[in-house]
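For reference, the chains in residue letters:
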Amino acid sequence: MRRAPLLIAMLAAALAWPIAEQFLPGSWSVLDAVKSIFIFAILGLALNAVTGFAGILNLGIAAFMAIGAYAFAILTNDLYPFQIGFWPAILLTLPIGALAGFLLGAPTLGLRGDYLAIVTLGFGEIVQDVLKNLDSITLGTQGINPLPAPVVPWWKPGEDGQGGGLGLVDLAEETQGAGPLLSYYLFLAFVVVAWLVFRNLERSRVGRAWMSLRSDELASRSMGIPPVRTKMLAFATAAAFAAFAGGLWASWLSSTGEPANYDFQISILALCIVIVGGMGSIAGVLVGALVMIGVNSIVLVKLFEWLQSKGLGASGSVFVSPNSWKYLLFGLALVLMMRFKPDGLVPASGRGERKPSGGRS
Amino acid sequence: MEFTSAEVFAQQVLNGLSNGMIIALIALGYTMVYGIIELINWAHGDLFMLGGFLALTILGALGLEEASGPMAVVAVLVILAASAGFCGTLNVLADRIAYRPLRRAPKVSLLVTAIGVSFIFVNLGLFWGGVPMEVFSGGIAAAAPKDFPALVPSRNLLGTDDGVGFTLRDLLVVVVTLPLMLGLWWLVARTRLGKAMRATAQNPTAARLMGIDVDRVIGSTFFLGGALAGFASVVYALYNNTIGFQMGYRAGMDAFTAAVLGGIGSLPGAVLGGLLIGLIRAMSDQYLEARWTNALVFAILILILVFRPSGLLGMKQREKV
Amino acid sequence: MSLLEVRGVTMRFGGLVANEDVSFAVEPGQIYAVIGPNGAGKTTLFNTISGLYQPSAGSIRFAGEDTVEPFSAAVAARALVVGVATSVGLVVALNVEELWRIAIGDNYAYGEAFPWAKAAKDLLAAFPGLGAWWGLGVAVLGFVIGLGASLVLWQRSRRTPDRIARRGIARTFQNIRLFSDLSLIENVLVGMDARMRAGFWSCLLRLPRFRAERESSESDARELLAFVDLGDRAEEVAKNLPYGLQRRLEIARALASWPRLLLLDEPAAGMNPSETNDLMRLIRRVRDRGVTVLLIEHHMKVVMGISDRIMVLQYGKRIAEGSPAEIRSDPTCIEAYLGKEEHG
């Protein structure tokens, strides 16, 4: 079985969803939540490069997301003199993220697997603390807002009135952005670009070198693969795209939110996406993002809205808030997948019981 | 009332050592489990948190929140025993259900599973806070920190109210943690179980061939480590008068850093590391800035891992070909 | 000139001496065998040659060059850059809020154009002030730490397996170490990585260089798989291959980097007589491709049948060296090793 039909089906569904939504009852409108699936798909693809391909457990991917979000905010918000606009800022998050990844990776990538995981976790915590404590620059726990929504030069804003679901205020119209529908397709296009980037890398000497390190580091070194430099490439690429996802996230929310929004929970959510989908499987990560964010931001939310509309559970009780089931959801996802389906829902070629799809691309 | 700078320093040393003893007790659990199956037991800090919730529940159920005098001593003993037994059992269950089936899996799978277990524990703690009991403020605002009854007053034992304070609570920390550490050392160094644990840590296959029931030894290790976390949770709660469902993460990271600093796998290392981390935190709060303390602890963790991964008292490991 | 020249190599692990003063030379085009009882230090010697261990004493020269890279101006320059960057970075990190205020906070008024030149000037003017304080002390400290760390890194990385492999020494392992979730052809392509030239961007954007290299490297990889008689299984996953064939794949992978010297660590271990015969033929064909072979083997039939020269190790020391005929008649060797040999 090849992955192509699955990917094409998902792409077609994503393209058609906004149109399909027109014909569904208003309470089915989840356009905005689907955008967060796109953002987390990019984050998942980034984490997959480092954890799935190169086999380095990175528990601090949210830190790079935070760096991207704050970089985007400082480069665009009018509290700061830069104000370079959406496109230059969102593109600059890539090199900024890569630089941050390089700075963390350079001294630490020689470490053993579980120690390196702890280092990435520590980095995630330090970044949060630094963003919070440097409040004269980052406004501390306030977060920086408003931030520009995506703009497309030849598109006149406000041509469609499709609103977001889930009670999240869509600021795209207020800030003269591209409008929710166009930004939906723009985010989808970013996912496609990220997918192409990681697919190209996977099927080249770069991806093979990453996978050989994951498979057997010693044999890989003995074949002439320089371990630190190769891991660095994976680490920095992942950091770049995580920062990019962070920039998109901030643009989508029109705010960075407080630094604690980029905590360990987000890193683990990204890890769940990769593990549920299948480590090292690009198609799997996209499925993982759909499943995890779908359950987390759509199914749980709708379920509890429905429960409360039926008068079940007092409002304010911890048991009927979708937020208070997140930890359990992530925890069970990790434990059950590791126990029963360690290769994920859509295993990468060469893993699980699948026959390989071959070396030719 | 003014403190001289020497008094401030002495007080911070005392505070640091008290907190350090608690951290050390948690760190021992990390180091024991790591020593025997090379697993960073991520859920350990959250186990500690659940121990605190159980203690508070028992106090509420038995109506001992206001206990004083001899009744307070009884109450403390009861919650110590209950939390230790509970955390030990829960840790063994986690091993049985989640970790044991993965003994042959790659180490990363085990670590990821432990993170998963940790998240499940955190969620249990969150829900526990929503239980409609008076000690949990009737279950409203489940996520908010809970007040823990001040069974042990913070009376200064050095006589005066001024000057350096060594309180009844500091004494409690010493009275609980020191015998536990000595007992653990005796158990590992002198008993049959301890010998079996050391053998399993060195080489599980060889230990199995020599007739050691490796799974039982690993189970015992999980129980002991968990029980220490249970003791630590009660001491922590009595010392600080507050518990919350997210306290496991912070305490766990401090304790893990302590275990790594001392050399993970080494029992004296965990104690030394715990005391050092306690001191560093106290000094940083006083002389640097409290808001940078957590970042400092993590920076220390990263620096140790980069420059001396074997820690202060640990042994170097060689790559096997 | 010898291709590989091992001089007085001693390898100690704590109190244990695994190799003591071992010297030998392998000439180009030879098949050279190292034999000896279990625990004689053969694999340790291999690991030392392939860069996994640093010899406690002695030198290893390959193709006339020492495999330890000398301290060069380039290394010193890198250390200097790291040191300066570390110290500047520390000053900036410790004063980031102050620097931000001087350059941006004080110059930017909401809604007005930002005076970039003035900000840059203020920033530069502020730097000496910060440096003159304890910042300077920190900078010096950072410099020393950065310099020291980069020297340590250099020291650690100078004789690593990947560098040795890139110089033209490939190896196989006693307990086969394939990339088990990759296909056969991908295993060989990883071996070929050392001579590929397409860079990161060229791979990411699929530039012409990447496409050309992909064509040529895949046809080379198929040719190598055919050479070890695995040509028809190129797309299979390595872990599904039977044991005997895994050895062949490992040899193909090692040959993929076009090495000048191939180290084979007990290639015939666990093979039946017919597989062993095939293996001997394969090793000869490898030599005929122009690759010099250094092997460790227990199997006397293989060793005596294909080797040009043999060295015998016992308790980490070389006890004899010579042609197969000389070894067969050497009384020390017969006593030390051949006498106990069961395979014959």
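Please read all numbers here as calculations on a predicted model, not as lab measurements.

Would you mind showing me how to read the sheet that holds strand E9 (residues 309–314) of chain C here?
Hydrogen bonds between backbone atoms are what pair the strands of a sheet, whose relative direction is either parallel or antiparallel. Residue and element names in this part refer to chain C. Spatially, E6-E7-E8-E3-E9-E10 is the arrangement adopted by the 6 strands of the open sheet, whose pairing is mixed. Edge positions in the open sheet fall to strand E6 (169–171) and strand E10 (317–322), since each of these has one partner strand only. When the angles between neighbouring strand axes are averaged without regard to direction, this sheet yields 20 degrees. Bridge analysis of strand E7 (residues 261–265) against strand E8 (residues 292–296) gives 5 bridges, and the strand direction is parallel. Looking at E8, one finds that leucine 261 is bridged to threonine 292. Together, strand E3 (31–35), E7 and E8 form the strand contacts of helix H10 (residues 273–288), whose direction differs from that of E8 by roughly 145 degrees.

I keep staring at the packing of helix H9 (residues 247–262) of chain B against helix H11 (residues 293–307) of chain B and nothing clicks. Help me out?
The description of two helices packed together rests on the angle between their axes and the distance between the axes. Residues and elements named next belong to chain B. Close contact between H9 and H11 brings their axes to 10 Å; oriented N to C, the two are set at 30 degrees. Taken as axis vectors, H9 and H11 run roughly parallel relative to one another. The crossing of H9 and H11 is left-handed. For the pair H9 and H11, contact is made by Asp254, Thr257, Val260 and Leu261 and by Val297, Ile300, Leu301, Ile304 and Leu305, respectively. Tallied by class, residues from the contact of H9 with H11 come to 7 nonpolar, 1 polar and 1 charged.

How should I be thinking about the nonpolar core in this particular structure?
The tendency in soluble globular proteins is for nonpolar side chains to be buried side by side. Judged by nonpolar contacts, the single largest core of 307 residues is most densely connected at Ile42(A) and Met65(A). Among the elements that make up this core, the one with the highest residue count is helix H10 (residues 227–253) of chain A (17 residues).

Mind showing me how you'd approach the interface of chain A and chain C here?
Quoted interface sizes are often the accessible area lost when the parts come together. With 33 residues of chain A at the contact, the number on the chain C side is 42 residues. Of all elements in the fold, only helix H6 (135–138), helix H7 (180–202), helix H8 (205–215), helix H9 (217–222) and H10 of chain A reach the threshold of two or more residues within the side of chain A that touches chain C. No other element matches the 7 residues that H8(A) contributes to the side of chain A that touches chain C. Classifying every residue of the side of chain A that touches chain C by side-chain character gives 16 nonpolar, 11 polar and 6 charged.

Conventions adopted
Going along each chain's sequence as written, the residues are numbered from 1 onward. The lettering of chains begins at A and the numbering of ligands begins at 1, in the order of writing. Residue-level local features of this predicted model are given only where pLDDT is at least 70; pairs of side-chain atoms are given and counted only at 80 or more, and the full residue set underlies all totals for whole chains, interfaces and linings. The criterion for strand pairing is that DSSP finds at least two bridges linking the strands in question. Strands are runs of DSSP state E lasting at least 2 residues, helices are runs of H or I lasting at least 4, and numbering of each runs from the N terminus. With axes taken as lines fitted to C-alpha atoms, and helix axes fitted only over the stretch in contact, angles between N-to-C directions fall between 0 and 180 degrees. Two residues form a contact once the distance between their C-beta atoms, set from the backbone, is within 7 Å. For classification, angles of less than 35 degrees are called roughly parallel, those exceeding 145 degrees roughly antiparallel, those between 65 and 115 degrees roughly perpendicular, and all remaining angles oblique. Crossings are classed by handedness, with left-handed meaning an anticlockwise turn of the near helix from the far one by less than a right angle and right-handed meaning a clockwise turn. Residues are grouped as follows: Ala, Val, Leu, Ile, Met, Phe, Trp, Tyr, Cys and Pro are nonpolar; Asp, Glu, Lys and Arg are charged; every other residue, Gly included, is polar. Defined on buried residues, the nonpolar core groups Ala, Val, Leu, Ile, Met, Phe, Trp, Tyr and Cys residues joined through C-beta atoms within 7 Å. Three classes are used. A residue is buried when 20 or more other C-beta atoms lie within 10 Å of its own, exposed when 12 or fewer do, and partly exposed in between, with C-beta atoms placed from the backbone.

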